[in-house]
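# Structure assessment
What follows is the residue order along each chain.
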Amino acid sequence: MNPLHTLAFLSGMTALALLAACQQADAPTPEATSAEANGPDAKPGISASQGRMILPVVPGRPAAIYFSVRNDGQLAATLAGVHVAGAEKSEMHKTEGGSMSPVDAVTIDPGATIEFAPGGYHVMAFELADELTSGSSTELTLTFSDGDKLSMPLHIETMGDAMNGGHH
């Protein structure tokens with residue numbers, strides 16, 4: 001075989017292989033994208049938003065976590081636990097009449113939104129990792145009484161950021 005023909009043949013095969021490799025990366029299906037966005041254990045009908053962690057002013061103290069959780073399902077859902085990535089321990093609390101106490105569970109009726117906000121329900125995160133710094137983010141995982149879970153990002157702020165509307 002002529003060396004030029006061999007070179008032309010190999011060049012053509014290389015071009016075909018490269019073209020085939022480019023076409024193998026199919027776009028994800030809408031179902032796969034949706035499942036990935038909600039996580040593998042996402043609770044159907046439940047959504048959470050506006051997650052933020054307020055770091056303590058005094059190092060070593062707990063952080064406060066605020067967010068909204070909505071139930072668009074047909075049945076009531078019971079939030080039974082919380083986990084904050086980068087915290088040794090996380091607890092749901094409620095402030096009533098000027099005092100704060102731990103809460104074992106929070107029931108979310110169909111069509112209802114529960115606000116975890118200052119002066120009401122909130123999450124306390126204890127023994128924080130050094131990596132949790134203002135301007136970064138971490139993850140909050142909500143666990144429901146039936147074992148379903150929902151994870152969401154938490155934007156990390158300092159108390160001063162929160163008082164200034166989140167502006168640094």
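Structure shown above.
Below is a summary of the structure that appears in this document.

### Let's talk about unusual backbone geometry
Unusually for a residue other than glycine, Gln50 sits at a positive phi of about 60°. Position of Gln50 among the secondary structure elements: in strand S1 (residues 46-55). Phi at Glu127 takes a positive value of approximately 55°, unusual for a residue other than glycine. Of note, Glu127 is situated in strand S8 (residues 121-128). Taking relative accessible area as the criterion, Glu127 reaches 58% and is therefore assigned exposed.

### Here's the deal with the pattern of salt bridges
Within this structure, the stated rule accounts for four salt bridges. Where Arg52 meets Glu157, a salt bridge forms, and the shortest distance between an N and an O atom there is 3.5 Å. In this pair, Arg52 is assigned in strand S1 and Glu157 in strand S10 (residues 149-158), connecting sequence segments 105 residues apart. The partner of Asp72 in a salt bridge is Arg70, with the nearest N and O atoms 2.9 Å apart. Relative accessible area serves as the criterion here: at 48%, Asp72 is assigned to the partly exposed category.

### Considerations on the packing of aromatic side chains
In total, this model carries two aromatic pairs according to the counting rule given. Taken together, a centroid distance of 4.3 Å and an interplanar angle of 10° make the contact between Phe67 and Phe116 stacked. Here Phe67, found in strand S2 (residues 63-71), pairs with Phe116, found in strand S7 (residues 113-116); they are 49 residues apart in sequence, far enough to count as distant. On the basis of relative accessibility, which here comes to 2%, the residue Phe67 falls in the buried class.

### What about the pairing of strand S4 (residues 87-96)?
Pairing analysis gives seven bridges linking S4 to S8, with the strands arranged antiparallel. Residue pairing in the sheet places His93 in a bridge with His122 of S8. Pairing of S4 with strand S5 (residues 99-102), which is carried by four bridges, proceeds in the antiparallel orientation. Paired with Lys94 across the strands is Ser101, a residue of S5. Linking S4 back to S5 in an antiparallel pair, the connection comprises two residues, with Gly97 at a positive phi of about 55°.

### Quick look at the nonpolar core
In this structure, Met53, Ile65, Phe67, Val84, Phe116, Leu140 and Leu142 are the most contacted members of the largest nonpolar core, which totals 28 residues. Ignoring anything within four residues of it in the chain, the contact list for Leu140 reads Ile65, Phe67, Val82, His83, Val84, Leu150, Ser151, Met152 and Leu154.

About the cut-offs
Residues numbered from 1 in each chain as written. Predicted model: local features only at pLDDT ≥ 70, side-chain atom pairs only at ≥ 80, totals over all residues. Heavy atoms only, no water. Helix = DSSP H or I, 4+ residues; strand = E, 2+ residues; numbered from the N terminus. Buried < 20%, exposed > 50% of the residue type's maximum accessible area, 1.4 Å probe, protein only. Salt bridge = Lys/Arg side-chain N within 4 Å of Asp/Glu carboxyl O. Phe/Tyr/Trp six-rings, centres within 6.5 Å; stacked < 30°, edge-to-face > 60°. Pairing = 2+ DSSP bridges. Core = buried A, V, L, I, M, F, W, Y, C linked by side-chain atoms within 4.5 Å. Contact = heavy atoms within 4.5 Å.

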